[in-house]
Amino acid sequence: MTTTTPPAPLSPLEELAYAHRPPQLMVLADLVQSLSGIPAVTQLLVRGSLATGTADRLSDVDLVVAVRDARLPSLMTSLDAVMSTEFGTLLPGWRDTIVGDLGGAGFVYLLPHDGHLLQLDLYLCPDSAVDALRRRIGPRLLWQETPADTAPQDAGARAETAAELARTAAAPADCSTLLVQAMVLHAMLRKRVLRGQEYIAYGLLHQLHATCRDVIRTALVPHSRHHGWYHLPDEVGRTTIGRECLAELTDALSGPPVPTVAQADQTLERIVRLTGRIAPHAVTALSDEITAYRAYQSQEVQT
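Throughout what follows, the structure given in this document is the object of discussion.

How each quantity is defined
- Residues numbered from 1 in each chain as written.
- Predicted model: local features only at pLDDT ≥ 70, side-chain atom pairs only at ≥ 80, totals over all residues.
- Heavy atoms only, no water.
- Helix = DSSP H or I, 4+ residues; strand = E, 2+ residues; numbered from the N terminus.
- Polar contact = N/O pair within 3.5 Å; in protein donor to acceptor, adjacent residues only side chain to side chain.
- Contact = heavy atoms within 4.5 Å.
- Pairing = 2+ DSSP bridges.
- Axes fitted to C-alpha atoms, helices over the stretch in contact; angles between N-to-C directions.
- Parallel < 35°, antiparallel > 145°, perpendicular 65-115°, else oblique.
- Left-handed = near helix turned anticlockwise from the far one by under 90°.
- Nonpolar A, V, L, I, M, F, W, Y, C, P; charged D, E, K, R; others polar.
- Salt bridge = Lys/Arg side-chain N within 4 Å of Asp/Glu carboxyl O.
- Buried < 20%, exposed > 50% of the residue type's maximum accessible area, 1.4 Å probe, protein only.
- Expected span 1.5 Å × (residues − 1).
- 1 Å grid on protein atoms, 1.4 Å probe; cavity = no way out; pocket = protein on both sides within 12 Å on 5 of 7 lines; lining within 4 Å.
- Points joined across faces, edges and corners; volume = space filled by probe spheres on them.

### Digging into the side chain of Ser59
(1) Moving on: Residue placement: Ser59 occurs in the loop between helix H3 (49-52) and strand S2 (61-67).
(2) Moving on: Within the structure, the side chain of Ser59 is placed 2.8 Å from the backbone nitrogen of Asp56, a separation counted as a polar contact.
(3) Moving on: Residues contacting Ser59, with those up to four places away along its chain left out, are Gln24, Ser49, Leu118 and Arg195.

### Comments concerning the sheet that holds strand S1 (residues 41-47)
(1) Moving on: Across the sheet, which stays open at both edges, the six strands sit in the order S3-S4-S5-S2-S1-S6 with mixed pairing between neighbours. Only two strands of the sheet have a single neighbouring strand rather than two, namely strand S3 (94-95) and strand S6 (140-144).
(2) Moving on: Direction of pairing for S1 relative to S2: antiparallel, over a ladder of six bridges. Note that in S2 the partner of Val46 across the bridge is Leu63.

### A few points about the packing of helix H2 (residues 24-35) against helix H4 (residues 72-87)
(1) Moving on: At a minimum axis separation of 12 Å, H2 and H4 run at an interaxial angle of 120°. Here H2 is positioned oblique relative to H4, judged by the angle of their axes. The two elements H2 and H4 cross, and the hand of that crossing is right-handed. On H4, the residues that touch Asp30, Leu31 and Ser34 of H2 are Met83, Glu86 and Phe87.
(2) Moving on: Grouping the constituent residues of the contact of H2 with H4 by class yields three nonpolar, one polar and two charged.

### Some points on the pattern of salt bridges
(1) Moving on: Summed over all chains, the structure comprises twelve salt bridges.
(2) Moving on: In this structure, Arg167 and Glu164 form a salt bridge, with 2.6 Å as the shortest nitrogen-oxygen distance. One end of the pair is Arg167 and the other is Glu164, both in helix H6 (residues 155-170) and three residues apart, which spans about a single turn.
(3) Moving on: Residue classification places Glu164 among the partly exposed positions, given a relative accessible area of 26%.
(4) Moving on: Two residues, Asp265 and Arg190, come together in a salt bridge whose shortest N-O distance is 2.9 Å. Taken together, the positions of Asp265 in helix H11 (residues 261-278) and Arg190 in helix H7 (residues 175-195) put the pair 75 residues apart, joining distant regions of the chain.
(5) Moving on: Residue Asp265 is classed as partly exposed on the basis of its relative accessible area of 25%.
(6) Moving on: Via salt bridges that share partners, Glu248, Asp251, Arg270 and Arg273 belong to a single interconnected network.

### A few points about the environment of Leu165
(1) Moving on: With respect to the secondary-structure elements, Leu165 resides in helix H6.
(2) Moving on: In sequence terms Leu165 and Leu72 are 93 residues apart; their C-alpha atoms lie 9.2 Å from each other.
(3) Moving on: Excluding its chain neighbours within four sequence positions, the residues that come into contact with Leu165 are Leu72, Met76, Arg95, Gly103, Gly104, Ala105 and Pro126.

### Focus on the pairing of strand S5 (residues 116-126)
(1) Moving on: Across the eleven residues that make up S5, a large majority, nine, are buried.
(2) Moving on: Note that strand S4 (residues 105-113) and S5 share nine bridges and pair antiparallel. Within S5, the position partnered with Phe107 by the bridge is Leu122.
(3) Moving on: Between S4 and the antiparallel strand that follows it, S5, lie two residues; Asp114 among them carries a positive phi value of about 55°.

### Digging into H11
(1) Moving on: The first and last C-alpha atoms of H11 sit 26 Å apart over 18 residues, in line with the 26 Å expected at 1.5 Å per residue.
(2) Moving on: Where H11 is concerned, the buried positions are Val261, Ala264, Thr267, Leu268, Arg270, Ile271, Val272, Leu274, Thr275 and Ile278.

### A word on the layout of surface pockets
A water-sized probe rolled over the atoms picks out the places where empty space is left.
(1) Moving on: The space that makes up the largest pocket amounts to roughly 1300 Å³.
(2) Moving on: Together, 50 residues line the largest pocket, and Ala169, Ala171, Pro172, Ala173 and Gln181 are the ones closest to its centre.
(3) Moving on: Contributing elements (two or more residues each) for the lining of the largest pocket: H4, S3, S4, H6, H7 and helix H8 (198-220).
(4) Moving on: In terms of residue class, the lining of the largest pocket is built from 23 nonpolar, 17 polar and ten charged.

The structure is reproduced here in structure tokens:
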């Protein structure tokens, strides 16, 4: 990671403002330095609270990465490796199903920083769609390739990239992916509970319960043609272990609609426990990440 030093000279007031700047700005500076060196990247834009100057210590880092259309699928495939190698992200990126469709694909990473986990939202946008995205959400431009580096976009490449984005969005999640999803949603939920944002916390808790449901269905009825909550008892309740899983899910749904931090933690632990029982390979594959995630969340409570 790079070290950002204050520009000089600064007035006393400017020095005070610099000393109390959001710590996420240092992470953002590192992201810009690293991602701008990737030839496929054409623009980097920031959105959310960092763009509006309203960030606090719990705020996300929301970065839009514009990518040449023909190169976007390959960057999407290698993104986990880039983020892990360059920034030490804790988990594989979760394909963000909360962000609206802006013509690309969003990924959420949990990034260790100063003893805490920062939520890093990366939105990969085809270069051909970035102007429409800028008009729609108004992000602030951080970096742009020089005009000499630009090249015309091929219509065929745009179509192929759009098709690949659609295929990726429609691909079913396996139990390992759902376990990553559960940890990311749990991190989001804890933040909203700590901020007292009850409506958002309610929605995230519902998504955690839906993740628990999806783990059960994916592990026990992998070839189900049904989605959501339909036919769940008929499909899963045919076996003893299925009925026990449904009892766990029912117990989870009987809890408060807006949890405390401790209750949010219990919800995640229920998902990890159930996954370990019905899809142990998923927990084994992520055992180090689960342990590290628990350690960071425990430290967050203590501080």
